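What follows is each chain in one-letter form.
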Amino acid sequence: TPSVGARYNISKYFGDFLGPEAGLKVHYKDTELYARYAKGFNLPGVYTVFFYELNFGQGDKWKDLKPEKIDHYEIGGSQKITRWLKADLALFYDSGKDRLIFKAPPPHFENLEKYRTKGIEATATVTPWANFECFVGGTYLLATPSDLPYAPKVTLSGGVSYALWDKIFINADTTYVSSRFVSDPRFPVSNPEKVGSYYLVNGKISYRIKPIPYVPYKKAEAEIFLTGENLTNVHYEYLPGYPMPGITVMGG
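Residues numbered from 1 in each chain as written. Predicted model: local features only at pLDDT ≥ 70, side-chain atom pairs only at ≥ 80, totals over all residues. Heavy atoms only, no water.

A. Layout of the sheet that holds strand β12 (residues 198–209). Spatially, β1-β2-β3-β4-β5-β6-β7-β8-β9-β12-β13-β16 is the arrangement adopted by the 12 strands of the open sheet, whose pairing is antiparallel. In the strand order of this sheet, the two ends are held by β1 (2–11) and β16 (248–251), each with one partner. Within this sheet the neighbouring strands show an average axis-to-axis angle of 10 degrees, counted without direction. Of the pairings in the sheet, the one linking strand β2 (residues 15–28) to strand β3 (residues 31–42) comprises 8 bridges and is antiparallel in character. (Pairing = 2+ DSSP bridges. Helix = DSSP H or I, 4+ residues; strand = E, 2+ residues; numbered from the N terminus. Axes fitted to C-alpha atoms, helices over the stretch in contact; angles between N-to-C directions.)

B. Structural detail: the side chain of Thr 125. Inspection of the secondary structure assignment puts Thr 125 in strand β6 (residues 108–129). Judged by its relative accessible area of 19%, Thr 125 falls in the buried class. Here Thr 125 is in contact with Trp 84, Leu 85, Lys 86, Glu 133, Cys 134 and Phe 135, once residues within four sequence places are set aside. (Buried < 20%, exposed > 50% of the residue type's maximum accessible area, 1.4 Å probe, protein only. Contact = heavy atoms within 4.5 Å.)

C. Representation of the layout of surface pockets. Approximately 190 Å³ is the volume attributed to the second largest pocket. If you trace the second largest pocket, you find 13 residues lining it, with Ser 146, Ala 151, Pro 152, Lys 153 and Ser 179 closest to the centre. Looking at the lining of the second largest pocket, the elements with two or more residues in it are β7 (132–144) and β10 (180–182). Take the lining of the second largest pocket: its biggest share by element is 3 residues, from β7. (1 Å grid on protein atoms, 1.4 Å probe; cavity = no way out; pocket = protein on both sides within 12 Å on 5 of 7 lines; lining within 4 Å. Points joined across faces, edges and corners; volume = space filled by probe spheres on them.)

D. Looking closely at the pattern of salt bridges. Scanning the model with the defined rule gives 7 salt bridges in all. A salt bridge links Glu 74 to Arg 36; the shortest N-O distance between them is 3.3 Å. With Glu 74 in strand β4 (residues 68–80) and Arg 36 in strand β3, the pair connects residues that are 38 residues apart, well separated along the chain. One salt bridge connects Asp 166 with Lys 210, and the closest N-O pair in it is separated by 3.4 Å. Pair noted here: Asp 166 is in the loop between β8 (154–164) and β9 (168–177) and Lys 210 is in the loop between β12 and β13 (222–229), with a separation of 44 residues, a long-range link. Judged by relative accessible area, which is 42%, Asp 166 ranks as partly exposed. Members of the salt-bridge network, linked through shared partners, are Lys 204, Arg 208 and Glu 223. (Salt bridge = Lys/Arg side-chain N within 4 Å of Asp/Glu carboxyl O.)

E. Up close: the pairing of β1. Pairing geometry for β1 and β2, over 10 bridges, is antiparallel. The residue of β2 that forms the bridge with Ile 10 is Asp 16.

F. Structural context of a nonpolar patch on the surface. Taken together, the side chains of Ile 75, Leu 89, Leu 91, Ile 120, Tyr 140 and Leu 142 make up a nonpolar region of the molecular surface, amounting to roughly 520 Å² of accessible area. Of all the elements in the fold, those that place two or more residues in the nonpolar patch are β5 (85–103) and β7. Considering the arrangement of structural elements, one finds Ile 75 in strand β4. (Patch = residues over 30% accessible without salt bridge, like charges linked within 9 Å, V, L, I, M, F, W, Y side chains within 5 Å. Areas by Shrake-Rupley, 256 points an atom, 1.4 Å probe, with all protein chains shown as cover.)

G. Expanded view of the packing of aromatic side chains. Tallying each qualifying case throughout the model produces 19 aromatic pairs. Cluster of aromatic residues (ring-pair linked, three or more members): Tyr 47, Phe 50, Phe 51, Tyr 52, Phe 56, Phe 102 and Phe 109. The side chain of Lys 204 reaches across the aromatic face of Phe 225, ending 5.4 Å from its centre. (Phe/Tyr/Trp six-rings, centres within 6.5 Å; stacked < 30°, edge-to-face > 60°. Lys NZ or Arg CZ within 6 Å of the ring centre and 35° of its normal.)

Note that every value here comes from positions in space, so none of it alone points to a role or purpose.
Right, dumping it as structure tokens:
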């Protein structure tokens, strides 16, 4: 199964850019192999105009900035090992350039740094019964330069899903993200900062009502649910000084 596509962007100040993508998938019985390529770009935002004209006092020099660009390559496959076990494996490589970084003095943004990321991602899904499923997965990533923002070396995840009598549904998942560097160009600093690792545990239980009593339309359904996020009340943050909520419970 081949696939192709493209995104074309017209910008008054930063030029026109084409982002193509292509892929190929080969499927035979319980085996699936694929390869894909995609080119992405990210134009400088309105924050650059704000800083250059109101903070940096450099007028419209922000117009000289180029969009960030990245080429993404990925190969992988999935294999159904038994009736109840399926495994997925992927290798990826990203080549980026014109990454927007902050420099001083004088304060300004530059398209200087090239970067590379490469890694492996694996997932296993277990479905021993029709109403029960669990999965575990992990990603190992290497970045160049080593202080590349938002590139944690290790990410792990897992979860379970259980359905009881086709009415009660229980879901739980957990995520671990290792320490990583972060950088927010809207609040520029010369060097990326580092935030610590964290793990999260989330859950949801729901009860499905079908059909709804006393409702003439027999296909009408309703669901009562209760969800909990960060159930272990972990302190974590995506940016220094911006802590995320502790235990959060919602219902409806």
